[in-house]
Amino acid sequence: MKDLTQKKNILEKAYDPSDFRTMGHQVIDLIADHLEKVQTDPNQPVISYQNPEDEFAYWQQDFSSDSGTFDVFKNILEHSISVHHPRYIGHQVAVPAVLSGLAGLMSDILSNGTGVYEMGMASNAIEKIITDLVAERIGYTSEALGFLTSGGTLANLTALLAARKAKAPSAIWEEGHQEKLAVLVSEEAHYCIDRAARILGFGSKGIIKIPVDRHFKMDTSLLDDYYNNAKAAGYHVIAIIGSACSTATGSYDDLDVLAAFAEQNNIWFHVDGAHGGGVVFSKQYKHLVKGISRADSVVIDFHKMLMTPALTTALIFRKAEDSYKTFEQKAQYLWESQNTREWFNSGKRTFECTKLMMSIKVYTILKTYGEELFEKNIDQLYGLAIRFANMIKARPNFELVIEPQANILNFRYLDSEKTDLNTLNTTIHKTLIRSGEFYIVQTIIQEKRYLRTTIMNPLTKEHDLVALLDEIERIADILQL
Ligand SMILES: *Cc1c(COP(=O)(O)O)cnc(C)c1O
């Protein structure tokens, strides 16, 4: 008998099922061990921080060393932040339900492009199930249609393209802009809205930023004035965008008021619910997005509040027709006809051509645990944020920016002896990250520097948050010496 393994050349080796099987088992064990460690041992670092130059040097050295493939996985793990650590309280990235990671592995190996039906039969059909479900939770009728796309940034850009198609002269797609177009948005909106409007050619004056009230929500009493001023200056306002919630402070705009304004002025109403739109799955918190079903389009990131690996974003249109019109264009080699309304050739409606099989990551979660998991996650994280706010308020050395509506909290350490609180809080933050015991971030609000936490991990407990505040006080004491 021929010895096949001996005969394999490098190309054949790259596809060797038995190598894959052996290494696969080892890597899954490695990840499972890691998860066990961070969940049970609080002394396990969240991050082993190295400065960028040292990190680069480490990998340069690694690249020329003769360590094996397994070491690569091990080293990546050791040199990465662990979002599964209960003391990861930093950026707004979902802590993925681990089974969904296996769907990610499947997506990578199958590499179904999904833009064309045959290149993702399962993923396209599943995508319709997922997005129909989100549409229903938003409160849309069966007229709605959506798709999954690579991140909230791209989804917001796509929604604004659809808005332009629907509300601006239709010749733009062929002839370019003849007119000054604009959108209305809260000054607290995510920066990607500003970026999207600039990409669309609206320029900085075409992004009309409405100031916020003391709760950091769009001050809707100013809407008429800003709108009329824009019109008087020759702008055609095509859309208003609500944040649900804002990234900086987690504040939800009043969507019902924005909807009424959009209806009255015949402009597009888009809701950027990348972070907080997931509350449509929670009986307790869905009141925060009251009015969302009146939006023409809604963005919700599954990789923020819905426990799915990045990037997995739903963009849902109230009327399917709008989603088909966004990119009306010929791509004959891909599709027989551009004009037939085929949900299953999802590339007709998405920015991407080739796209990951992101739907299967969500489907794995829903099939295994049901929608209830999303609800439990939101209720847990939003509820813990309120309790954390109370802990902060109970300590005289701390100042909270606002009562949290979501799981985002900004606060700072106060010290009557020191006037430069910005430097003090920056130093506290730096010291915390270097210690590896906690991961939180920092931000600037109204020109003051704040410590910023987003409670993303449902396994984070109250005692972890007490320990965080204790540690901040301890660091501050040392800094005062
Ligand atoms: C995170 C976020 C975005 C950007 O989404 P990505 O998925 O990171 O591209 C947009 N808007 C809001 C409100 C967000 O919180």
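Residues numbered from 1 in each chain as written. Predicted model: local features only at pLDDT ≥ 70, side-chain atom pairs only at ≥ 80, totals over all residues. Heavy atoms only, no water.

## Here's the deal with the site of the ligand
Around the ligand there are 15 residues in total, and G152, T153, D272, H303 and K304 lie nearest to it. With respect to the ligand, the side chain of T247 contributes an N or O atom lying 3.1 Å from an oxygen atom. Between the ligand and the protein, one listed contact pairs an oxygen atom with a side-chain N or O atom of H303 at 2.8 Å. Elements with a contribution of two residues or more to the shell around the ligand: helix 8 (152-167) and helix 13 (302-305). Among the elements that take part in the shell around the ligand, helix 8 stands out by supplying 3 residues, more than any other. (Near = heavy atom within 4 Å. Polar contact = N/O pair within 3.5 Å; in protein donor to acceptor, adjacent residues only side chain to side chain. Helix = DSSP H or I, 4+ residues; strand = E, 2+ residues; numbered from the N terminus.)

## Comments concerning helix 11 (residues 223-232)
Think of an α-helix as turning once every 3.6 residues; residues three or four places apart then point the same way. All of the buried residues along helix 11 are L223, Y227 and A230. Each buried residue of helix 11 lies within a common arc of 65 degrees when the element is viewed along its axis, so the set occupies one face. In helix 11, the exposed residues that point more than 90 degrees away from the buried face are N229 and A232. Looking at the packing, one finds that the buried side of helix 11 touches strand 2 (181-186), strand 3 (207-210), strand 4 (236-243) and helix 12 (255-265). (Buried < 20%, exposed > 50% of the residue type's maximum accessible area, 1.4 Å probe, protein only. Arc of directions from axis to C-beta. Contact = heavy atoms within 4.5 Å.)

## Focus on the pattern of salt bridges
Taken as a whole and assessed by the stated rule, the structure comprises 24 salt bridges. Across the salt bridge formed by E471 and R474, the nearest N and O atoms sit 2.9 Å from each other. Pair noted here: E471 and R474 are both in helix 18 (residues 462-480), with a separation of 3 residues, about one helical turn. For R474, a relative accessible area of 44% corresponds to the partly exposed category. Within this structure, D256, E263, K290 and R294 form a network of salt bridges that share partners. (Salt bridge = Lys/Arg side-chain N within 4 Å of Asp/Glu carboxyl O.)

## Section: the sheet that holds strand 9 (residues 408-413)
Taking strand neighbours across the sheet as the criterion, the 4 strands line up as 8-9-11-10 in an open arrangement whose pairing is antiparallel. Looking at which strands have only one partner, the edges of the open sheet turn out to be strand 8 (398-400) and strand 10 (441-445). The sheet shows a mean angle of 40 degrees between the axes of neighbouring strands, taken without regard to direction. Two elements, strand 8 and strand 9, share 3 bridges in a ladder whose sense is antiparallel. Following the sheet pairing, L400 is matched in strand 9 by F411. Helix 16 (residues 372-393) contacts strand 8, strand 9 and strand 11 (448-454) of the sheet and is inclined by roughly 15 degrees relative to strand 9. Seen against the sheet, helix 18 touches strand 8, strand 9 and strand 11 and runs at an angle of roughly 25 degrees to strand 9. (Pairing = 2+ DSSP bridges. Axes fitted to C-alpha atoms, helices over the stretch in contact; angles between N-to-C directions.)

## Some details on helix 3 (residues 17-40)
Its 24 residues place the ends of helix 3 34 Å apart at the C-alpha level, agreeing with the 34 Å of an ideal helix rising 1.5 Å per residue. Within the sequence span of helix 3, burial applies to V27, L30, H34, L35 and V38. Of the surrounding elements, those touching the buried residues of helix 3 are helix 5 (69-78) and helix 6 (98-110). Near the N-terminus of helix 3, the side chain that reaches the backbone nitrogen of S18, with its oxygen 2.7 Å away, is that of D16. (Expected span 1.5 Å × (residues − 1).)

## Considering the packing of aromatic side chains
Taken as a whole and judged by the stated rule, the model has 15 aromatic pairs. For the ring pair F388 and F411, a centre distance of 5.8 Å and an interplane angle of 85 degrees mean the geometry is edge-to-face. With F388 in helix 16 and F411 in strand 9, this residue pair connects regions lying 23 residues apart in the sequence. There is no split in this pair, since F388 and F411 are both buried. In this structure, K128 is placed above the aromatic ring of W343, and the distance from its NZ or CZ to the ring centre is 5.9 Å. (Phe/Tyr/Trp six-rings, centres within 6.5 Å; stacked < 30°, edge-to-face > 60°. Lys NZ or Arg CZ within 6 Å of the ring centre and 35° of its normal.)

## Focus: a nonpolar patch on the surface
Taken together, the side chains of F20, I28, L99, L102, L105, I109 and Y369 make up a nonpolar region of the molecular surface, amounting to roughly 630 Å² of accessible area. Secondary-structure elements contributing two or more residues to the nonpolar patch are helix 3 and helix 6. Counting residues per element, the nonpolar patch draws most heavily on helix 6, which supplies 4 residues. With respect to the element layout, Y369 can be found in helix 15 (residues 359-369). (Patch = residues over 30% accessible without salt bridge, like charges linked within 9 Å, V, L, I, M, F, W, Y side chains within 5 Å. Areas by Shrake-Rupley, 256 points an atom, 1.4 Å probe, with all protein chains shown as cover.)

## Focus: the nonpolar core
Counting residues in hydrophobic clusters, the biggest one holds 97 residues, and the most contacted among them are I240 and F388. A155, A274, L315 and F327 belong to the second largest nonpolar core, which has 30 residues in total. (Core = buried A, V, L, I, M, F, W, Y, C linked by side-chain atoms within 4.5 Å.)

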